[in-house]
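Chain and residue survey
Each chain, written out:
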There are 4 protein chains.
Amino acid sequence: MASQSMTVSPPPAPAPTQFTTLGEVYETAPRMLSPEAWAYLDGGAGAEETLADNLRAFQRWRLRPRCLAGVVTPSTATQFLGMPLAAPILTAPIGSDILFHPDGQCATVRAAARRGIVPVVSEASHWPLETVAACADGPKVMQLHAWGGRDEFLALVERAERAGFSAICVTIDCPTLGWRERIMRRRFTPRDDAWTGNCVGPPGAAAAAAARLSGGRGSEWTWETLADARPAIGLPVMVKGVLTAEDAEAAVAAGVDAVVVSNHGGRQLDGVPATLDQLPEVLEAGRGRVAVALDGGIRRGTDVLKALALGADVVLVGRAAAMGLAAAGEPGVAAVLRLLVEELERSMLLAGRADLREIDRSLVRRSAD
Amino acid sequence: MASQSMTVSPPPAPAPTQFTTLGEVYETAPRMLSPEAWAYLDGGAGAEETLADNLRAFQRWRLRPRCLAGVVTPSTATQFLGMPLAAPILTAPIGSDILFHPDGQCATVRAAARRGIVPVVSEASHWPLETVAACADGPKVMQLHAWGGRDEFLALVERAERAGFSAICVTIDCPTLGWRERIMRRRFTPRDDAWTGNCVGPPGAAAAAAARLSGGRGSEWTWETLADARPAIGLPVMVKGVLTAEDAEAAVAAGVDAVVVSNHGGRQLDGVPATLDQLPEVLEAGRGRVAVALDGGIRRGTDVLKALALGADVVLVGRAAAMGLAAAGEPGVAAVLRLLVEELERSMLLAGRADLREIDRSLVRRSAD
Amino acid sequence: MASQSMTVSPPPAPAPTQFTTLGEVYETAPRMLSPEAWAYLDGGAGAEETLADNLRAFQRWRLRPRCLAGVVTPSTATQFLGMPLAAPILTAPIGSDILFHPDGQCATVRAAARRGIVPVVSEASHWPLETVAACADGPKVMQLHAWGGRDEFLALVERAERAGFSAICVTIDCPTLGWRERIMRRRFTPRDDAWTGNCVGPPGAAAAAAARLSGGRGSEWTWETLADARPAIGLPVMVKGVLTAEDAEAAVAAGVDAVVVSNHGGRQLDGVPATLDQLPEVLEAGRGRVAVALDGGIRRGTDVLKALALGADVVLVGRAAAMGLAAAGEPGVAAVLRLLVEELERSMLLAGRADLREIDRSLVRRSAD
Amino acid sequence: MASQSMTVSPPPAPAPTQFTTLGEVYETAPRMLSPEAWAYLDGGAGAEETLADNLRAFQRWRLRPRCLAGVVTPSTATQFLGMPLAAPILTAPIGSDILFHPDGQCATVRAAARRGIVPVVSEASHWPLETVAACADGPKVMQLHAWGGRDEFLALVERAERAGFSAICVTIDCPTLGWRERIMRRRFTPRDDAWTGNCVGPPGAAAAAAARLSGGRGSEWTWETLADARPAIGLPVMVKGVLTAEDAEAAVAAGVDAVVVSNHGGRQLDGVPATLDQLPEVLEAGRGRVAVALDGGIRRGTDVLKALALGADVVLVGRAAAMGLAAAGEPGVAAVLRLLVEELERSMLLAGRADLREIDRSLVRRSAD
């Protein structure tokens, strides 16, 4: 496997960071990036309505705390698809990771492991999956696109299994790249080596793999493609990008173990609903037959609380973790995860919930307007 | 026919344009225009509530994509009133066209033909209809106002038929000009030769025709006027400006083939609803007896998707095309049409719809707030 | 009558004004006034929520036009309490009128007469009612406060009758002055002679009358006070300030002929609803037993259209007329009235309504959001 | 009692203040404070959604005035838990009071007494309760946290009883400090002596008491803890921080006399509803078995009117009073209370309500949007 021979520059020792709020991380990130990389990280598709709505959706819910509940040390521990988690949080996959920091998702994986958080590792990254897997112990999920032929796909699954990943996450909302105007205005496309780290092998095969990853051409994948491949996958399978009851039903029928209610952080089809707004529809269609995760718009501990109260098992944080990566590499990601978990703990304490099992529908009500 | 003797300055060869987003076109246009012409192009009537609402209405709907649909090359082709279309888009008529570019709608017609788009040619323009018709092959629609006597009107219809137009579009929401405060504040009125290109003939007749076009005096036209004239029109007839069930019923009764749900881009009676908000009412009243087009607020491929999902057969783009005309003449219009179609294709791909027949009500839901 | 001996400086000949929009009038007014007078004119009470809501309420309704209605010359003529009106508009009473222009409401009355508009003349003004009445022919309404003893009140009524007024308007929402923070912050109170023009007679009586007009002390008036006085009033009676069904019922029981749905332009109790939002409740309670006028937030011809479509017989314009007065005296008021009527006519033409009888509930629908 | 030996610097004689609106007080306060103290006073928790919503909630209601009600001198007098009140207003407890002014809550208590307002004295303040109690006659309430052991708590209750307090207010929404980002960003924590004034006694005991007050660790208190302690409290008991029916029920079951619908001014768990939005739920659960107060967002007399119309017996003002304290010490607080009561009186007059018994549900309706 060619990836074995790629050199990973040893990441600098994590400098101590002293971020006290995510806002500080978000303010630091653009100062560390080129305008192009910032546009790529911060931007969404189209008019960025979905991007904005992802955040707004959390404001449509209010928390109903329980006072004098005797909570002293709330526990945020849980498990997801058999993986233990210090908090109900995974990091979402982000491609072209070295646009944000030379360590790319190696830093993310190390920071996540340090916090007991499970990372979902991106296929379209600079670092090959084997390199990333070797960065830290602890459970990890490998993300793959629903692109190309069955054999190519299963070859990547096999590499992930061998590298020790605990689950596969198939991204289904990316048959082509979204209409991302901020980078279009800058005539920016990530350079090839930012996202072709897994296109390894003899020259021709690598080129083919890279071609497979290029946007702009659609994908022949259907739910049948996935159903056919499912038995050949020895790990639990999540599909990321489910927004409707129809797709939730299809996912169950295809044999997946978990769905991620996701709109790709507002980066794919603009105008789709906020993920939190679609969670009830997906949960109802899933009827307990799949685990349900959610990403999009998670910026605070109280956002996690609301997503869980509305039925999500866990959340994924994509942009927020990448902001930490951009701001300060591994310590930046670690700071983001620390702050999210601390605010979650603080919020559970104030809401009178001792552990995640006590977070249910009674914790939320719709906002008054 | 006097128009034959009018000299059309040969338009400059389309310079290559490199607009990547409609936003860039909108930013370029005002730099190419006098403040008066910009006020005329960009402005609406009254407090511009309808103008704003036309855009806002699209935000009231969210898209429900279908993933893993196996779409690789979506088709945007369709037909309207028997005319083939590369995409479900027509350009809307805009009067006083040479305010925006010396080529006026000649440029629009050429750009539309290049993209397989049907243009609706304005009566109140600088260039006579025969000149415009000769600019490019491909189907074209001639727009006429519901003004003046039956004979004058039918004479124009006859000219359009002879010039090879494929349909007639009668504008019904313009018995007088809207209360347009931006140009009122500038004491601006388009100069006569900007909109009297079709007032041809002997001096007296031309003056009479020009007088007929002047705003500020109302129109004696009723639905009966149109119904009486209908049998004498050998082409399909659209009426533009239908916003209510009552008018949709009247249009059907008058024998028209298509209605355009339109509020004249917010330029006539301010305070009328957004066109997208009135589409259901018109569709219900039409009960399949007329084709239904919509204009107002179309700025993106996802807007087209929403309009079609809610039942429109095609959309018209007025201001957007005119922005392209102002920004760069024919290549500017062509860029606008190219971007709209590209974003539409990309959006169909991401929404999992292979062709326009798959765009139905299941693609949309109301926004959460 | 002492007012006879007061000298009215002959107003300057109306300079020709060329306002083309009300916006220009609103921009001119503050340039002609001291900051204190501007705060008094433009400001409302409290947080100015009601002031803003009065305007916002019109945006909650959309117009449903009728096309091809054959309207050429719409008629805005009507009558109210037996008074003929060129348009369904009265000017509302504004106290301390010489703060805005030396001619005060003399200018307003003249401008109104010139336009066929009925003015409601303020009691708390610089110019005595007899002087004002002599300024112009045509019907006029005298406004009086629900303050002080029955005899004092009826003495003013008698003066009004003798001076030729056609109706009495009793303001009921002003038992004390509103909590007007803009003028409180400026420590501003209109000087006495701005509002005591009707406190005429021997020194003691004038002082008593002035004392009666002072704010800050409440009023002993009840609906019974009005009912008792009603038979002694030989003119039609309007009450201004009705916002609820309860007060509408009480007004009918007290024998009044018309109610004005009014919140004093947001200048009295802040936090009360927009007048347009209360119109249905008042109409339902009135059940056709009283004429119904509305003021508050009228800035355009389309506002008039909406108020009438929702059931008002006429509207009053207060601040808008006073802006004209401040901007340019009589010609300023005349310009405001001209623009309102012109935009109303234009809007009727575009809405396909030939006269006021055709303006009914079918003309409006709620906004989509 | 060690507090006896603490020296209270004699407060400066109240300078005459001339605030005419609360806005002026709010503008003055930040000019008198360090940025850190201002962040502490003005800020809330998290994204400050609850802070903003507390204010917004009052805008969701409109007042329905009654005209010609014959009100001349409205009375705002009432009583609460047996304490007479010149107006239905108490000052809310605020910790770390000397951050805002050296006199801290001594000034607040004196100003309140001067206005016939009952102050709720904070436990976590610089000045010991005995000192504060001695500042002024008139009824006062002592606030205590639901922290630490039963005996420590009851010892404080006993001190309060001995010092002459009339009631106890137990804060239940503060098991730990809220996630207050404005002060986190400034790395600010109030210095110890700002809030440990009641940690008196031998060195070890004082340290223990201070430790008890530190945030960040949760509280073992349950409703049973309170129920157990209740019989040992010889005074009426309020609990502050009730937002839900569940907690209202629990409060009744624990034997409390009054609940305060409160979210700690948006300073504890961000994302909880506005207090005014939760008032109906709490009232319904309480079914008349407890008195109900409300705090959060009271900035005007009309806010008091709305809270009472919706069922609150009294309101507490926290931030507004502290703004007065910061702006000008005792006279500042007195000015705030004066303005609130004056605007309340004015509003009752304009709403036609002669006393608080006439303020009922008929006074309010929901806003139109």
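Residues numbered from 1 in each chain as written. Chains lettered and ligands numbered in written order. Predicted model: local features only at pLDDT ≥ 70, side-chain atom pairs only at ≥ 80, totals over all residues. Heavy atoms only, no water.

1. Thoughts on the overall build of chain A
What chain A contains, in helices and strands, is 13 helices and twelve strands. In terms of overall dimensions, chain A is globule-like: its C-alpha atoms have a radius of gyration of 19 Å, near the 21 Å expected for 369 residues. Its C-alpha atoms put chain A at 65 × 45 × 40 Å along the principal axes. Residue burial in chain A is summarised as follows: out of 369 residues, 66% are buried. Long-range pairs, those at least 24 residues apart, make up 77% of the contacts in chain A between residues at least 6 apart in sequence. Total accessible area on chain A stands at roughly 12,100 Å², and carbon and sulfur atoms take up 53% of it. A gap of 5 Å separates the mean positions of the 37 positive and 42 negative side-chain charges of chain A. (Helix = DSSP H or I, 4+ residues; strand = E, 2+ residues; numbered from the N terminus. Rg over C-alpha atoms; globule rule 2.2 N^0.38 Å. Buried < 20%, exposed > 50% of the residue type's maximum accessible area, 1.4 Å probe, protein only. Contact = heavy atoms within 4.5 Å. Areas by Shrake-Rupley, 256 points an atom, 1.4 Å probe, with all protein chains shown as cover. Lys, Arg positive; Asp, Glu negative; His and termini not counted. Charge placed at Lys NZ, Arg CZ, Asp CG, Glu CD.)

2. What to know about the interface of chain B and chain A
Often the size quoted for an interface is simply the accessible area lost on bringing the parts together. At the interface, 34 residues of chain B touch 42 residues of chain A. It is Arg62(B), Leu68(B) and Leu350(B) in chain B that bury the most area against chain A; as a group they hold 23% of the surface buried on that side. There are nine salt bridges connecting chain B and chain A. Between Glu24(B) and Arg187(A) there is a salt bridge; the shortest N-O distance is 2.6 Å. Here chain B and chain A share 21 residue pairs in polar contact (both at pLDDT 80 or more) between them. Listing elements by their share of the side of chain B that touches chain A, those giving two or more residues are α1 (22–32), β1 (61–63), α12 (301–309) and α13 (319–351) of chain B. With eight residues, α13(B) is the single largest residue contributor to the side of chain B that touches chain A. (Buried area = accessible area lost by both parts, 1.4 Å probe. Salt bridge = Lys/Arg side-chain N within 4 Å of Asp/Glu carboxyl O. Polar contact = N/O pair within 3.5 Å; in protein donor to acceptor, adjacent residues only side chain to side chain.)

3. Quick word on the relation of the copies chain B and chain A
At an RMSD of 0.0 Å, chain B and chain A line up after a rotation of 90° and a shift of 0.0 Å along the axis. Seen this way, the second copy is the image of the first under a four-fold rotation axis. Among all C-alpha atoms of chain B, that of Asp369(B) lies closest to the rotation axis, at 6.2 Å. (Least-squares fit on C-alpha atoms with pLDDT ≥ 70 in both.)

4. Notes on the interface of chain A and chain D
Facing the 34 residues of chain A at the interface are 42 residues of chain D. The contact between chain A and chain D buries some 3,200 Å² in all, and 55% of this surface belongs to carbon and sulfur atoms. With a closest N to O distance of 2.7 Å, Glu27(A) and Arg185(D) form a salt bridge. Counting the contacts that link chain A with chain D gives 21 residue pairs in polar contact (both at pLDDT 80 or more). The set of elements that each furnish at least two residues to the side of chain A that touches chain D consists of α1 (22–32), β1 (61–63), α12 (301–309) and α13 (319–351) of chain A. When residues of the side of chain A that touches chain D are assigned to their parent elements, the largest contribution, eight residues, is made by α13(A). Counted by class, the side of chain A that touches chain D contains 14 nonpolar, eight polar and twelve charged residues. (Nonpolar A, V, L, I, M, F, W, Y, C, P; charged D, E, K, R; others polar.)

5. Some points on the sheet that holds strand β9 (residues 258–261) of chain B
Residues and elements named next belong to chain B. Here eight strands make up a closed barrel; going around it, the order is β4-β5-β6-β7-β8-β9-β10-β11 and the pairing parallel. Strand-to-strand, the axes of this sheet are offset by a mean angle of 30°, without reference to chain direction. Bridge count between strand β6 (residues 141–145) and strand β7 (residues 167–171): five bridges; the pairing is parallel. From the neighbouring strand, Gln 143 faces β7, where its bridge partner is Cys 169. Together, β8 (237–242), β9 and β10 (291–295) form the strand contacts of helix α11 (residues 275–286), whose direction differs from that of β10 by roughly 170°. (Pairing = 2+ DSSP bridges. Axes fitted to C-alpha atoms, helices over the stretch in contact; angles between N-to-C directions.)

6. Observations regarding the sheet that holds strand β9 (residues 258–261) of chain D
All names here are of chain D. As summarised here, the arrangement of the eight strands in space is β4-β5-β6-β7-β8-β9-β10-β11, forming a closed barrel in which the pairing is parallel. Going from strand to strand, the sheet's axes swing by 30° on average, the running direction of each strand aside. Across four bridges, the pairing between strand β8 (residues 237–242) and β9 is parallel. Within the sheet, the bridge partner assigned to Val 239 lies in β9 and is Val 259. Set on the sheet, helix α12 (residues 301–309) makes contact with β4 (89–91), β10 (291–295) and β11 (314–317); between it and β11 the angle comes to about 140°.

7. A word on the arrangement of the chains
A minimum C-alpha distance of 12 Å separates chain A and chain C, which share no contact. The two units chain B and chain D never meet; even their closest C-alpha atoms stay 12 Å apart.

8. Details of helix α4 (residues 105–115) of chain D
Residues and elements named next belong to chain D. Along α4, eight of the eleven residues are buried, which leaves the element largely enclosed by surrounding structure. Taken as a whole, α4 has its buried residues at Gln 105, Cys 106, Ala 107, Thr 108, Val 109, Arg 110, Ala 111 and Ala 112. Buried-residue contacts for α4 involve β4, β5 (118–121), α5 (129–133) and α13 (319–351). Phi for Gly 116, located one or two positions after α4, is positive at around 75°.

9. Comments concerning the packing of helix α2 (residues 35–42) of chain A against α13(A)
Residues and elements named next belong to chain A. As a packed pair, α2 and α13 sit with axes 10 Å apart at the nearest point and diverge in direction by 160°. Here α13 runs roughly antiparallel to α2, going by the angle between their axes. Of the residues in α13, those touching α2 at Trp 38, Leu 41 and Asp 42 are Arg 319, Ala 322, Met 323 and Ala 326. For the contact of α2 with α13, the class distribution of residues is five nonpolar, no polar and two charged. (Parallel < 35°, antiparallel > 145°, perpendicular 65-115°, else oblique.)

10. Examining the confidence of the model for chain A
All names here are of chain A. The share of residues in chain A with pLDDT of 70 or more is 91%, and the mean pLDDT across the chain is 93. In this model, residues 1–16 is a region of pLDDT below 50 whose contacts with residues beyond four sequence positions or in other chains number 25 contacts. Listed scores for the predicted complex are pTM 0.94 and ipTM 0.93. (pLDDT = per-residue confidence, 0-100.)

11. Notes on the environment of Ser347(B)
By the secondary structure assignment, Ser347(B) is in helix α13. For Ser347(B), a relative accessible area of 3% corresponds to the buried category. As for Ser347(B) and Pro65(B), which are separated by 282 residues in sequence, their C-alpha atoms are 9.3 Å apart. In contact with Ser347(B), other than residues within four places in its own chain, are Leu269(A), Gly301(B), Thr302(B) and Leu305(B).

12. Thoughts on the pairing of β5(D)
When a strand is regular, its side chains alternate between the sheet's two faces. Residues and elements named next belong to chain D. Alternating positions in β5 separate into two faces, Val 118 and Val 120 on one and Pro 119 and Val 121 on the other, with burial throughout. As paired strands, β4 and β5 are joined by two bridges and run parallel to one another. In the sheet register, Leu 90 faces β5, and the bridge partner there is Val 118. Following the backbone out of β4, through α4 and into the adjacent parallel β5, one traces a crossover that is right-handed. Across two bridges, the pairing between β5 and strand β6 (residues 141–145) is parallel. Paired with Val 121 across the strands is Met 142, a residue of β6. (Right-handed = clockwise from strand over helix to strand, strands pointing away.)

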